[in-house]
Amino acid sequence: MPVVAVIGAQWGDEGKGHIVDILAERARLVIRYGGGNNAGHTVVNRQGTFKLHIVPSGVFDPATVNIIGSGVVVDPAVLLREIADLETRGISTTRLFISDRAHVIMPYHVMQDQLDEAARGEAKIGTTGRGIGPAYADKMTRIGIRMGDLLHEETLLRRLRQALDVKNRLLTTLYGAQPLSLHETFLKYLEYGSKLDRHVTDVHPIVQRALEKDMPILLEGAQGALLDIDHGTYPYVTSSPPGAAGACQGSGIAPSYLTSVIGVCKAYTTRVGEGPFPTEVDGATADTLRQIGTPWAEVGTTTGRLRRVGWFDAVMMRYAARLNGIDTLAITKLDVLDTLPRIKICVGYRRNDTELDYPPANNAVLSQVEPIYEELPGWQTPTTAVRSFDRLPAEARAYVARVCELVGVRLGMVSIGPAHDQIIEVNRVI
Ligand code: IMP
């Protein structure tokens with residue numbers, strides 16, 4: 001039975017929620033495996049438009065079990081708000097489970113993230129300021145607090161005392177900020193624990209049972225392969241592994257179970273935050289790609305920041321596909337290109353007299369490469385009402401085919417709008 005990872009193949013915001021929302025109807029278990037509320041998934045379905053940050057996109061299907069896996073960092077206040085919003089709008093969260101091994105984003109993580117960014121000045125990363133990096137750092141240095149700890153008064157107090165001992169020294173001495181009160185923080189997080197009690201559990205048996213029963217499982221990614229802590233444009237990356245390896249690690253599913261990896265990419269490229277972006281454009285083309293003035297303008301779901309935009313970068317995508325074993329592409333937002341007379345695809349990088357077909361690790365070098373473009377004719381016809389691949393204009397089909405050829409991966413889906421029925425499926429994996 002399929003165990004499918006749906007991962008972002010670019011710098012995040014590829015439209016993974018949109019794709020997972022479709023596939024979740026066929027899955028019995030959806031696991032969000034990494035990141036935290038730095039992610040923002042806009043899901044438009046029959047029940048309305050939802051902006052999810054932490055709850056898996058499978059929550060809209062009443063028959064699907066949803067898990068927030070151990071690889072996720074959870075801000076309980078944000079999660080409680082999201083659950084309350086879903087419940088108010090008639091979406092049940094009774095089948096939502098949170099791994100007791102997932103780490104908690106504490107208030108000092110958010111403070112540290114924002115203070116660190118301010119201190120970096122010109123060298124800022126452009127983080128979402130949600131405490132993600134410091135929470136993962138504490139997980140690794142083993143002073144993190146886990147969701148299960150919130151359910152045990154004694155453990156929480158002990159772990160929090162240890163953590164605050166370090167954090168308050170850091171906040172007051174290094175940043176000149178106010179220390180946090182042990183008592184108040186303890187009571188607040190104990191209350192979060194009691195409110196989330198029915199969701200927090202050891203998810204290992206649920207996951208293993210689903211595997212034993214051959215249930216279709218979706219592993220829902222956040223961020224994107226190019227923001228990967230190891231393989232992304234470091235240090236302009238997030239602090240977790242958002243790709244296929246992270247999907248296994250963060251969900252507790254062995255790699256040998258994976259039957260498919262769907263890489264979600266836009267028909268062009270966007271990025272929020274700092275860092276190299278070889279195919280970035282500005283001017284009129286950027287305005288078209290950003291769709292300013294429409295409800296789907298390229299503005300970050302989480303931060304409200306305007307996204308940087310550029311042409312499709314086949315060099316980056318091929319790199320992401322190889323590193324993550326992507327076998328199927330889901331290309332989103334093809335309709336954004338509808339009005340363009342000519343469309344560029346970056347097929348290689350030139351540096352001095354050398355051609356590169358994968359991104360170099362050094363950002364200074366990557367920032368200086370000259371993209372080698374291939375130009376394809378646009379279709380200049382609206383595609384949003386098209387419902388089958390064959391009905392797309394010939395130029396649009398040729399564009400999609402060329403993208404897949406350059407990336408070396410077969411086509412799974414193309415989306416031509418944000419609605420549930422605006423996804424054209426060509427090859428099914430689940
Ligand atoms: P952090 O994950 O908040 O630490 O941010 C690190 C980098 O990853 C910044 O450039 C963010 O803009 C970027 N980032 C993190 N999450 C997302 C996402 O869900 N979509 C797009 N970019 C993201």
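Rules used in this analysis
- Residues numbered from 1 in each chain as written.
- Predicted model: local features only at pLDDT ≥ 70, side-chain atom pairs only at ≥ 80, totals over all residues.
- Heavy atoms only, no water.
- Near = heavy atom within 4 Å.
- Polar contact = N/O pair within 3.5 Å; in protein donor to acceptor, adjacent residues only side chain to side chain.
- Areas by Shrake-Rupley, 256 points an atom, 1.4 Å probe, with all protein chains shown as cover.
- Nonpolar A, V, L, I, M, F, W, Y, C, P; charged D, E, K, R; others polar.
- Phe/Tyr/Trp six-rings, centres within 6.5 Å; stacked < 30°, edge-to-face > 60°.
- Helix = DSSP H or I, 4+ residues; strand = E, 2+ residues; numbered from the N terminus.
- Buried < 20%, exposed > 50% of the residue type's maximum accessible area, 1.4 Å probe, protein only.
- Lys NZ or Arg CZ within 6 Å of the ring centre and 35° of its normal.
- Contact = heavy atoms within 4.5 Å.
- Pairing = 2+ DSSP bridges.
- Domains from an automatic or database assignment.
- Buried area = accessible area lost by both parts, 1.4 Å probe.
- Salt bridge = Lys/Arg side-chain N within 4 Å of Asp/Glu carboxyl O.

Trainee: Describe the site of the ligand, listing the residues and the values that go with them.
Mentor: Around the ligand, the surrounding shell holds 16 residues, and the nearest of these are Asp13, Asn38, Thr128, Thr238 and Arg305. Take Asp13: an N or O atom from its side chain is 2.9 Å from a nitrogen atom of the ligand. Interatomic distance of 3.0 Å between a side-chain N/O atom of Arg305 and an oxygen atom of the ligand. Burial of the ligand by the protein chains amounts to 98% of its free accessible area of 470 Å². Partitioning the shell around the ligand into residue classes produces six nonpolar, eight polar and two charged.

Trainee: Now, about the packing of aromatic side chains: what can you tell me, with residues and values included?
Mentor: Using the criterion set out here, one finds four aromatic pairs in the structure. Between the aromatic rings of Phe50 and Phe60, the centroid separation amounts to 4.6 Å while the plane-to-plane angle is 50°, which identifies the pairing as tilted. Residue Phe50 is located in strand 4 (residues 48-52), and its partner Phe60 is located in the loop between strand 4 and strand 5 (65-68); the two are separated by 10 residues in the primary sequence. Here the two residues Phe50 and Phe60 agree in accessibility, since each one is buried. Measuring from centroid to centroid gives 4.9 Å for Tyr189 and Tyr192, while their planes differ by 90°, and the two rings are edge-to-face. Note that Tyr189 and Tyr192 are positioned in helix 6 (residues 182-196) at a spacing of three residues, about one turn of the helix. A single burial state applies to Tyr189 and to Tyr192, both of which are buried. Sitting above the plane of the Phe50 ring, Arg89 keeps its charged end 4.0 Å from the centroid. Sitting over the ring of Tyr373, Lys344 keeps its end group 5.0 Å from the ring centre.

Trainee: I'd love a proper account of the environment of Thr127, names of residues and values included.
Mentor: Examined against the element boundaries, Thr127 turns out to sit in the loop between helix 3 (107-120) and helix 4 (132-141). Take Thr127: its relative accessible area is 27%, and that puts it in the partly exposed class. Residues Thr127 and Val200, spaced 73 residues apart in sequence, show a C-alpha to C-alpha distance of 28 Å. When sequence neighbours within four positions are dropped, the list of residues in contact with Thr127 reads Asp113, Glu117, Arg120 and Arg305. Side chain to side chain, Thr127 and Asp113 meet in a polar contact 3.0 Å long.

Trainee: Describe the sheet that holds strand 9 (residues 200-201), with residues and values.
Mentor: Whether parallel or antiparallel, the strands of a sheet pair through hydrogen bonds between backbone atoms. In spatial order, the strands read 9-7-5-2-10-1-11-15-19-20; together these 10 strands make up an open sheet with mixed pairing. The open sheet has two free edges, formed respectively by strand 9 and strand 20 (423-425), since each of these has just one partner strand. Here four bridges tie strand 2 (residues 29-32) to strand 5, and the two strands are oriented parallel to one another. Along strand 5, the bridge assignment pairs Ile31 with Ile67.

Trainee: Go over helix 8 (residues 244-251) with me, naming the residues and quoting the values.
Mentor: In terms of burial, helix 8 is a largely internal element, six of the eight residues being buried. For helix 8, the secondary structure elements touched by its buried residues are strand 1 (3-8), strand 2, helix 7 (204-212), strand 10 (217-220), strand 11 (260-266) and helix 10 (314-324). Phi turns positive, to about 80°, at Gly252, one or two residues after helix 8.

Trainee: Kindly report on the domain arrangement of the protein chain, identifying the contributing residues and their values.
Mentor: What the domain assignment reports for the protein chain is domain 1 (3-100 + 201-261), domain 2 (103-196) and domain 3 (265-425). Computed over C-alpha atoms only, the centres of domain 1 and domain 3 are separated by 23 Å. At the junction of the two partners, domain 1 supplies 39 residues and domain 3 supplies 39 residues. Approximately 3,100 Å² of surface area, both sides summed, lies buried where domain 1 meets domain 3, with 59% of it carried by carbon and sulfur atoms. Interface area lost by domain 1 to domain 3 is led by Gln10, Trp11 and Asp13, which between them contribute 22%. At the surface where domain 1 touches domain 3, the tally comes to two salt bridges. For the salt bridge of Arg26 with Glu425, the shortest nitrogen-to-oxygen distance reads 2.6 Å.

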